[in-house]
Amino acid sequence: MPPPPLFFNPALFITELAFTLIAVIFCILIYFRTKGIYDLSKYKGIKYFRHAFLFLGLSYILRFLLSILMLSMMTLDLRPRMIMPFFILITGYFSTAGILYLVLSSVWKKVKALPLNIIIHGTALILSIAAFATRSHLILLYLQTALLVIAVILNIIMHKKLSRMRIIYYLIFFLWLINLWIIDRRRLPFEINIVFQLVSLIVFYFIYRKISKFTP
Amino acid sequence: MRKRDRLEVIFDILTIIRDRHNSIKPTPLLRTSNLSSSSFNEYYAEILKKGFIQEVIDKKGKKYLSLTDKGFTYLEKYTYILGFIREFEL
């Protein structure tokens, strides 16, 4: 039996809100705690890393709003169909930019001859427009999954193996996809959703703890 | 010999200035930095622009270089910056 919709289940709503808040707080903390060392070094890898968490934080806020919007269509018959594609557009743009910044933060030296900012924002724009045109967050999910597969293959070609930190970066990417997939709450049991959200928070906490060692 | 990266070169230049009682003329700094003249000029302009060093003119009109507070902070935080870059493979 599927769980009751978000609006009619306070526990579900509070869980979703708490998850979003904690994830966004970690992303913001990571962004601001690394400001000092970036300002001093102006190192491109740190810039991409910070941008990744800024965009991911925004993506998780938008994901939450998107889930509310979707559920309001299902449960309250509100018909927010006009604004829904715009939310998908912005979520698609921010999340694609965020995960690309994260992936590129560890390989930028190998591809620094390329116009990386144009590639990141160009890809984000193409993917988000495709999702906007089809009015489906699932199209965005499929395109981002293809992006993840391409990124992992390219990484293996360039580095021959996946290091521990790169695995964590790809895990953040993968968890974003899962969190996007379970957005309408009908795909997996509530308990499984919670497990994925908990794992996401543990990964963010792990990154934050590591950063704290270098930003006293 | 291993090529020094940008952050390391800046660290080396600032360390030289600090170790010379925080006062050195540009020419001896160029000599001890192990950089070509054009590279040195590039780094010199960069660290001046970033506010890591300041130019001080003495009574005789001679130019000396000294570290600013930001320059000292860079030296202090350099190991953290390097550690961060290595740890996160950036």
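Everything discussed here concerns the structure shown above.
**Student:** Explain the overall build of chain A residue by residue, including any values.
**Tutor:** Scanning chain A from terminus to terminus reveals 8 helices and 0 strands. Mapped from its N terminus to its C terminus, chain A presents α and β elements in the order α-α-α-α-α-α-α-α. Looking at chain A residue by residue over its 216 residues, the buried ones come to 37%. Contacts spanning at least 24 positions in sequence make up 72% of the contacts within chain A whose residues lie at least 6 apart.

**Student:** How would you summarise helix α5 (residues 116-134) of chain A if you had to cite specific residues and measurements?
**Tutor:** All names here are of chain A. Compared with an ideal rise of 1.5 Å per residue, which puts 19 residues at 27 Å, α5 spans 27 Å between its outermost C-alpha atoms and is within 8% of the ideal. If you check which residues of α5 are buried, you get Ile-120, Ala-124, Leu-127, Ser-128, Ala-131 and Phe-132. Down the axis of α5, the sector holding all buried residues measures 140 degrees, keeping them to one side. In this structure, α5 carries Ile-118, Gly-122 and Ala-133 as exposed residues pointing more than 90 degrees from its buried face. Packed against the buried residues of α5 are α4 (84-105) and α6 (137-159).

**Student:** I'd like to hear about the nonpolar core, residue by residue, with values.
**Tutor:** Residue and element names in this part refer to chain A. Judged by nonpolar contacts, the single largest core of 65 residues is most densely connected at Cys-27, Ala-52, Ala-97, Leu-100, Tyr-101 and Val-103. It is helix α3 (residues 44-76) that provides the largest number of residues to this core, a total of 13 residues. Beyond its immediate stretch of four places on either side in the chain, Cys-27 contacts Phe-53, Leu-56, Gly-57, Tyr-60 and Phe-204.

**Student:** Residues and numbers for unusual backbone geometry, please.
**Tutor:** Negative phi is the rule for most residues except glycine; trans is the rule for most peptide bonds. All names here are of chain B. In this model, Asn-34 sits at a positive phi of 55 degrees, which is unusual for a non-glycine residue. On the secondary structure map, Asn-34 appears in the loop between α2 (26-32) and α3 (37-49). For Glu-89, which is not glycine, the phi torsion reads 50 degrees and is therefore positive. As for its placement among the helices and strands, Glu-89 is situated in the segment after α4 (69-87). Exposure remark for Glu-89: the 17 C-beta atoms within 10 Å place this residue in the partly exposed category.

**Student:** Tell me what's going on with the environment of Asn-193 of chain A, and back it up with residues and numbers.
**Tutor:** Residues and elements named next belong to chain A. Here Asn-193 is to be found in helix α8 (residues 190-214). Using a count of 22 C-beta atoms within 10 Å as the deciding quantity, one classes Asn-193 as buried. Sequence spacing of Asn-193 and Cys-27 is 166 residues, and the spatial spacing of their C-alpha atoms is 20 Å. The residues contacting Asn-193, other than those within four sequence positions of it, are Ile-182 and Leu-188.

Basis of the calculations
Residues numbered from 1 in each chain as written. Chains lettered and ligands numbered in written order. Predicted model: local features only at pLDDT ≥ 70, side-chain atom pairs only at ≥ 80, totals over all residues. Helix = DSSP H or I, 4+ residues; strand = E, 2+ residues; numbered from the N terminus. Buried ≥ 20, exposed ≤ 12 C-beta atoms within 10 Å, placed from the backbone. Contact = placed C-beta atoms within 7 Å. Expected span 1.5 Å × (residues − 1). Arc of directions from axis to C-beta. Core = buried A, V, L, I, M, F, W, Y, C linked by C-beta atoms within 7 Å.

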